[in-house]
Amino acid sequence: MKNHLSNMVASIKNGQLAKKAYINQTRKKTCESVLNVLWDEGFISGYKILKTNSNTLKIFLKYRNGKPAINSIKILSKPSLRIYYSLKQLWKLDSSKGILLISTNKGLMSINDCKKHKLGGEPFLIIK
């Protein structure tokens, strides 16, 4: 099984290091839901589905004063080692240092949204 999420994270890291304006990525539902949260939190400028190839996403990277908007992005839960956080464990985490993307039964959410909706789940990414 291919892990498209880790491929997308590596592409975003490499694209921002190379100061690219956009990158292309294979279209998957999990990747799109991660991109929606990244866009809501202001880490990317946006994304769109290519008209010529509907299986490809064009992700527009964001920069602030010439520096990438994403300083670090790390995958927490991997297919080989799953991690789950309960609501009580989420409240103990410091959410001021970065954004934690969590997969819940209501979809992919940031840690602040999970606290509002009182949901726990599997942490995917931490972004600073």
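Residues numbered from 1 in each chain as written. Predicted model: local features only at pLDDT ≥ 70, side-chain atom pairs only at ≥ 80, totals over all residues. Heavy atoms only, no water.

1. Topic: the sheet that holds strand β3 (residues 56-61)
Piece 1. Spatially, three strands are ordered β1-β3-β2 in an open sheet, and the strand pairing comes out antiparallel. The open sheet is flanked by β1 (22-26) and β2 (44-49), the only strands paired with a single partner. Each strand axis lies, on average, 25° off the axis of its neighbour in the sheet, ignoring direction.
Piece 2. In this sheet, β3 lies alongside β2 in antiparallel orientation, the contact comprising five bridges. For Ile49, the partnering residue across the bridge sits in β3 and is Leu57.
Piece 3. Those strands touched by helix α1 (residues 4-17) are β1 and β3, and its axis lies near 170° from that of β1. (Pairing = 2+ DSSP bridges. Helix = DSSP H or I, 4+ residues; strand = E, 2+ residues; numbered from the N terminus. Axes fitted to C-alpha atoms, helices over the stretch in contact; angles between N-to-C directions. Contact = heavy atoms within 4.5 Å.)

2. Points about unusual backbone geometry
Piece 1. Phi angles above zero are rare outside glycine, and Lys19 is one such case at about 60°.
Piece 2. Of the residues examined, Lys19 reaches a relative accessible area of 52% and is grouped as exposed.
Piece 3. Located in the positive-phi region is Asn65, a residue other than glycine, with phi close to 55°.
Piece 4. Examined against the element boundaries, Asn65 turns out to sit in the loop between β4 (63-64) and β5 (67-68). (Buried < 20%, exposed > 50% of the residue type's maximum accessible area, 1.4 Å probe, protein only.)

3. As for the nonpolar core
Piece 1. If you look at the biggest cluster of nonpolar residues, it comprises 24 residues, and the most contacted ones within it are Met8, Val34, Leu38, Leu125 and Ile127.
Piece 2. Here the element with the most residues in this core is helix α2 (residues 29-41); it accounts for five residues.
Piece 3. Once residues lying within four places of it in the same chain are set aside, the contact partners of Met8 are Gln25, Cys31, Val34, Leu35 and Ile59. (Core = buried A, V, L, I, M, F, W, Y, C linked by side-chain atoms within 4.5 Å.)

4. Things to note about the packing of α1 against α2
Piece 1. In the contact formed by α1 and α2, the axes pass within 10 Å of each other and the chain directions differ by 45°. Considering their axes alone, α1 and α2 lie oblique with respect to each other. On α2, the residues touching His4, Leu5, Met8 and Ile12 of α1 are Cys31, Val34, Leu35 and Leu38.
Piece 2. A per-class count over the contact of α1 with α2 returns seven nonpolar, one polar and no charged. (Parallel < 35°, antiparallel > 145°, perpendicular 65-115°, else oblique. Nonpolar A, V, L, I, M, F, W, Y, C, P; charged D, E, K, R; others polar.)

5. Quick look at the environment of Arg82
Piece 1. In this fold, Arg82 is placed in the loop between β6 (73-75) and α3 (87-92).
Piece 2. For Arg82, a relative accessible area of 44% translates into the label partly exposed.
Piece 3. Along the backbone, Arg82 and Leu50 are 32 residues apart, and their C-alpha atoms lie at a distance of 33 Å.
Piece 4. Apart from the residues within four sequence positions on either side, Arg82 is in contact with Ser77 and Glu122.
Piece 5. For Arg82, the side chain forms a polar contact with the side chain of Glu122, separated by 3.0 Å. (Polar contact = N/O pair within 3.5 Å; in protein donor to acceptor, adjacent residues only side chain to side chain.)

6. Focus on the packing of aromatic side chains
Piece 1. Per the stated rule, a full pass over the model turns up one aromatic pair.
Piece 2. One Lys or Arg, Lys58, reaches over the ring of Tyr22 and ends 4.2 Å from the middle of that ring. (Phe/Tyr/Trp six-rings, centres within 6.5 Å; stacked < 30°, edge-to-face > 60°. Lys NZ or Arg CZ within 6 Å of the ring centre and 35° of its normal.)

Purely spatial values, then, with no claim about function.
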